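# Architecture and fold: a report
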Amino acid sequence: MVSRELEAESVVVFDEAHNIDNVCIEALSVDIDGRALERATRGLGRLQQEVNRVKRTDADRLRDEYKSLVDGLAERGLVG
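Here's what I pulled together on the structure shown here.

Definitions and cut-offs
Residues numbered from 1 in each chain as written. Predicted model: local features only at pLDDT ≥ 70, side-chain atom pairs only at ≥ 80, totals over all residues. Heavy atoms only, no water. Helix = DSSP H or I, 4+ residues; strand = E, 2+ residues; numbered from the N terminus. Rg over C-alpha atoms; globule rule 2.2 N^0.38 Å. Lys, Arg positive; Asp, Glu negative; His and termini not counted. Charge placed at Lys NZ, Arg CZ, Asp CG, Glu CD. Salt bridge = Lys/Arg side-chain N within 4 Å of Asp/Glu carboxyl O. Expected span 1.5 Å × (residues − 1). Patch = residues over 30% accessible without salt bridge, like charges linked within 9 Å, V, L, I, M, F, W, Y side chains within 5 Å. Areas by Shrake-Rupley, 256 points an atom, 1.4 Å probe, with all protein chains shown as cover. Buried < 20%, exposed > 50% of the residue type's maximum accessible area, 1.4 Å probe, protein only.

## Quick look at the overall build of the protein
Regarding its fold elements, the protein presents two helices and zero strands. A globule of 80 residues ought to have a C-alpha radius of gyration of about 12 Å, yet the protein, at 32 Å, is considerably larger. Taking the principal axes of its C-alpha atoms as reference, the protein extends roughly 95 × 40 × 20 Å. Side chains of the protein carry 12 positive and 17 negative charges; the gap between the two charge centres is 18 Å.

The following block contains the structure:
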């Protein structure tokens, strides 16, 4: 209840539309200091190293599996 003088069916409008731009900007803004940016940069560097490591590992595993498959087919005389 906003006020005892208002009826239950009343509609109350708070006209703050002139502030909508600033409210949206403030709601969607963040402050990032140099230290946070440096930590994020280091984290991205570690992530890139891990992605590269996994790519190398997967490539090695795929190459080994392919070689094993071809060797098995060659032993059975199915490939030249």
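Structure's up, so let's keep going.
## Some words on the pattern of salt bridges
Taken as a whole, this structure holds five salt bridges when the rule is applied. Two residues, D58 and R61, come together in a salt bridge whose shortest N-O distance is 3.7 Å. Of the two residues, D58 and R61 are both situated in helix 2 (residues 34-75); the distance of three residues between them amounts to about one turn of the helix. Between R63 and D60 there is a salt bridge; the shortest N-O distance is 2.5 Å.

## Observations concerning helix 2
In this model, helix 2 (42 residues) spans 61 Å end to end at C-alpha, consistent with the 62 Å of a helix rising 1.5 Å per residue. G77 sits one or two positions beyond helix 2 and adopts a positive phi of about 75°.

## Here we look at a nonpolar patch on the surface
On the surface, a nonpolar cluster with roughly 350 Å² of combined accessible area is contributed by L69, L73, L78 and V79. Tracing the sequence through the fold places L78 in the segment after helix 2. The exposed category is assigned to L78, whose relative accessible area is 58%.

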